[in-house]
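Report on the structure
Below are the chains, spelled out letter by letter.
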Amino acid sequence: MSRVQSQLIPQFALYGESNLSQQPSLVHIEDIVDRSRDHDWLIKPHRHTRLFQILLLINGGLQVKLEDQQYQLQGNWAVSIPPGCVHGFEFPADTQGIVLSVKASLLNSQTQQFQGLASLVEHAHTVSFLEQDVLFAQFKNYLDLIRQELKQPYTGHEAILSWLIGTLLMTLWRQLQYSNAQMHHNPKSSQIFQQFRQAVEQHYREQWDVQAYAKALHMSVSSLNRLCQEKAGNSAKALIQERVLLEAKRRLIYTQESLERVAESLGFKDPAYFSRFFKNLAGVPPSDYRKAKYLEMGTS
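Being a predicted model, the structure only gives us computed values, none of them experimental. (Residues numbered from 1 in each chain as written. Predicted model: local features only at pLDDT ≥ 70, side-chain atom pairs only at ≥ 80, totals over all residues. Heavy atoms only, no water.)

Right, let's get into the pairing of strand E6 (residues 97-103). Burial analysis of E6 places six of its seven residues in the buried class, which makes it a mostly covered element. Note that strand E1 (residues 27-31) and E6 share five bridges and pair antiparallel. By the bridge assignment for E6, Ile-29 is matched with Leu-100. Two elements, strand E3 (residues 51-66) and E6, share seven bridges in a ladder whose sense is antiparallel. Counterpart to Ile-54 in the pairing with E6 is Leu-100. (Buried < 20%, exposed > 50% of the residue type's maximum accessible area, 1.4 Å probe, protein only. Helix = DSSP H or I, 4+ residues; strand = E, 2+ residues; numbered from the N terminus. Pairing = 2+ DSSP bridges.)

And the structure:
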């Protein structure tokens, strides 16, 4: 990066806080929505000079820029961001996830004790999780424990935080090694599954069925279903429906569109069929879901 380009990239403590003296003393944790909603879900490219960050995306979508690389992520992902790394994010409006910021100096003891963590801390990574992964459950649990410790710091606060951060990093490193091993074991199947995910993103509003996706990927329906079971623990049809349901929820919560318009935008010709589809997957009719979310958000 040229000197001129470097000067154009803003440096923040946390995003939007230009006073670098506002750096968290050790650790800061917040939900993605807490900061991104105020910025219209767009976090422009920036960097932190003294912070290491981990973003956890939970069953959602994310476009991320890491230096000169762009990634389109879908599902459950962790993104590690070392100090000085230029990064930016664009989220769908109801993205669920967590951002952990750690003062880089706190990580010195972890990287000294286990050299494998040095690469994780020094370089940006995108690490995928499956919903049923044991390591995914552990990773979320450690983030919850960090949040609890920050709310009620007892004796030994810094020591506990250091231990939790180290455990979190080790869990992420384990998942990174596992993902790399899976890619090397069967890189072609992983590539095809990512192509399927990308195809779903492009065509879910067109109500493509499983056969259409299989044809686009030049494979049989049974092969596509086996692939989806292997990579995501679910059928191709279920993954397609999950994506449609996610978009329906977003539109119900964050737009004033009528149910008929929401149904039409997702390729449903019959609003009644859309309502049945939504209730079967979400457990409640779309109108009830919208009312409940409005109440949660304090907008009704």
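We now examine the packing of helix H9 (residues 221-232) against helix H10 (residues 236-254). Put simply, H9 and H10 touch, their axes get as near as 8 Å, and they point 65° apart. What the angle tells us is that H9 and H10 run roughly perpendicular. Packed against H9, whose contacting residues are Leu-224, Asn-225, Cys-228 and Ala-232, the element H10 presents Ala-236, Lys-237 and Leu-239 at the interface. Class assignment of the residues belonging to the contact of H9 with H10 gives a composition of five nonpolar, one polar and one charged. (Axes fitted to C-alpha atoms, helices over the stretch in contact; angles between N-to-C directions. Parallel < 35°, antiparallel > 145°, perpendicular 65-115°, else oblique. Contact = heavy atoms within 4.5 Å. Nonpolar A, V, L, I, M, F, W, Y, C, P; charged D, E, K, R; others polar.)

The next subject is H10. With 19 residues, H10 extends 27 Å between its outermost C-alpha atoms, agreeing within 8% with the 27 Å of an ideal straight helix rising 1.5 Å per residue. Most of H10 is tucked away: 14 of the 19 residues are buried. (Expected span 1.5 Å × (residues − 1).)

It is worth spelling out helix H12 (residues 271-282) at this point. Taking 1.5 Å of rise per residue, twelve residues should cover 16 Å, and H12 covers 16 Å from first to last C-alpha, within 8% of that figure. Every buried residue of H12 is accounted for by Phe-274, Phe-277 and Phe-278. Buried residues along H12 cover an arc of 95° about the axis, so they all sit on one side. Packed against the buried residues of H12 are H10, helix H11 (259-265) and helix H13 (286-296). Where H12 begins, the side chain of Asp-270 points an oxygen toward the backbone nitrogen of Ala-272, at a separation of 3.0 Å. Looking one or two residues beyond H12, the residue adopting positive phi is Gly-283, at roughly 90°. (Arc of directions from axis to C-beta. Polar contact = N/O pair within 3.5 Å; in protein donor to acceptor, adjacent residues only side chain to side chain.)

Right, let's talk about the packing of H10 against H13 for a bit. The contact between H10 and H13 brings their axes to 9 Å, and the two run at 55°. Considering their axes alone, H10 and H13 lie oblique with respect to each other. Here H10 runs over H13; the crossing is right-handed. In this structure, H10 contributes Lys-249, Arg-251, Leu-252 and Ile-253 to the contact, and H13 contributes Pro-286, Tyr-289, Arg-290, Lys-293 and Tyr-294. Across the contact of H10 with H13, the residue classes break down as five nonpolar, no polar and four charged. (Left-handed = near helix turned anticlockwise from the far one by under 90°.)

A few words now on the packing of aromatic side chains. Working definition: an aromatic ring pair is given by the centre-to-centre distance plus the angle between the planes. Summed over the entire model, instances satisfying the criterion amount to twelve aromatic pairs. Members of the aromatic cluster, connected to one another through ring pairs, are Phe-268, Tyr-273, Phe-274, Phe-277, Phe-278 and Tyr-289. (Phe/Tyr/Trp six-rings, centres within 6.5 Å; stacked < 30°, edge-to-face > 60°.)

The biggest cluster of nonpolar side chains holds 30 residues, and the ones touching the most others in it are Leu-100, Phe-139, Ile-146, Ile-165 and Leu-169. When contributions to this core are tallied by element, the ones reaching two or more residues are E1, E3, E6, helix H4 (116-122), strand E7 (125-129), helix H5 (134-151) and helix H6 (157-185). Top contributing element to this core by residue count: H6, with seven residues. Leaving out residues up to four positions away in the same chain, Ile-165 has contacts with Val-27, Leu-100, Val-102, Leu-106, Leu-107 and Ile-146. Counting 29 residues, the second-largest nonpolar core is a separate cluster that includes Val-200, Tyr-204, Leu-224 and Tyr-289. (Core = buried A, V, L, I, M, F, W, Y, C linked by side-chain atoms within 4.5 Å.)

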